[in-house]
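This is what each chain is made of:
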Amino acid sequence: MIIVIGYYFCQWEWSIGLKYWTIALGTLGICLGIYFGMIRPMNWTRYLFGMKVKK
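Bear in mind that the values here come from a model prediction, so they are computed numbers and not experimental data.

Helix and strand counts for the chain come out as three helices and zero strands. Taken from the N to the C terminus, the helices and strands of the chain come in the order α-α-α. Against the globule reference of 10 Å for 55 residues, the chain gives a C-alpha radius of gyration of 15 Å, more extended than a compact globule. By its C-alpha atoms, the chain is 50 × 15 × 15 Å across when sized along the principal axes. The long-range share in the chain, meaning contacts at least 24 apart out of those at least 6 apart in sequence, stands at 15%. Split by element, the accessible area of the chain, about 4,700 Å² in all, is 72% carbon and sulfur.

The structure is reproduced here in structure tokens:
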């Protein structure tokens, strides 16, 4: 996620601090979205990521 987001945002003419926070928060948001939207609710993905299967 960091590489994909960073590739696009590093080309813009922003300050280094703004680029850093955009990449960091964007990566956090996408990773949390994938976790709560795809990994946590489904039993087969929970098993693949080493989580306990819901009963």
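This next bit is on the packing of aromatic side chains. In the structure shown here, the tally under the stated rule is six aromatic pairs. Ring centres of F9 and W12 lie 4.8 Å apart, and the angle between their planes is 70 degrees; on these two criteria the pair is classed as edge-to-face. W12 sits in the partly exposed class, given a relative accessible area of 40%. Pairwise contacts between aromatic rings join F9, W12 and W14 into one cluster.

Between helix α1 (residues 2-9) and helix α2 (residues 16-39), the least distance of the axes is 9 Å, while the angle of their chain directions is 145 degrees. The two elements α1 and α2 cross, and the hand of that crossing is right-handed. Residue-level inspection shows I2, I5, G6 and F9 of α1 in contact with α2, the latter providing K19, T22, I23, G26, T27 and I30. Of the residues that constitute the contact of α1 with α2, the class distribution is five nonpolar, four polar and one charged.

What counts and what doesn't
- Residues numbered from 1 in each chain as written.
- Predicted model: local features only at pLDDT ≥ 70, side-chain atom pairs only at ≥ 80, totals over all residues.
- Heavy atoms only, no water.
- Helix = DSSP H or I, 4+ residues; strand = E, 2+ residues; numbered from the N terminus.
- Rg over C-alpha atoms; globule rule 2.2 N^0.38 Å.
- Contact = heavy atoms within 4.5 Å.
- Areas by Shrake-Rupley, 256 points an atom, 1.4 Å probe, with all protein chains shown as cover.
- Phe/Tyr/Trp six-rings, centres within 6.5 Å; stacked < 30°, edge-to-face > 60°.
- Buried < 20%, exposed > 50% of the residue type's maximum accessible area, 1.4 Å probe, protein only.
- Axes fitted to C-alpha atoms, helices over the stretch in contact; angles between N-to-C directions.
- Left-handed = near helix turned anticlockwise from the far one by under 90°.
- Nonpolar A, V, L, I, M, F, W, Y, C, P; charged D, E, K, R; others polar.

By themselves, these observations are geometric and do not establish any function.
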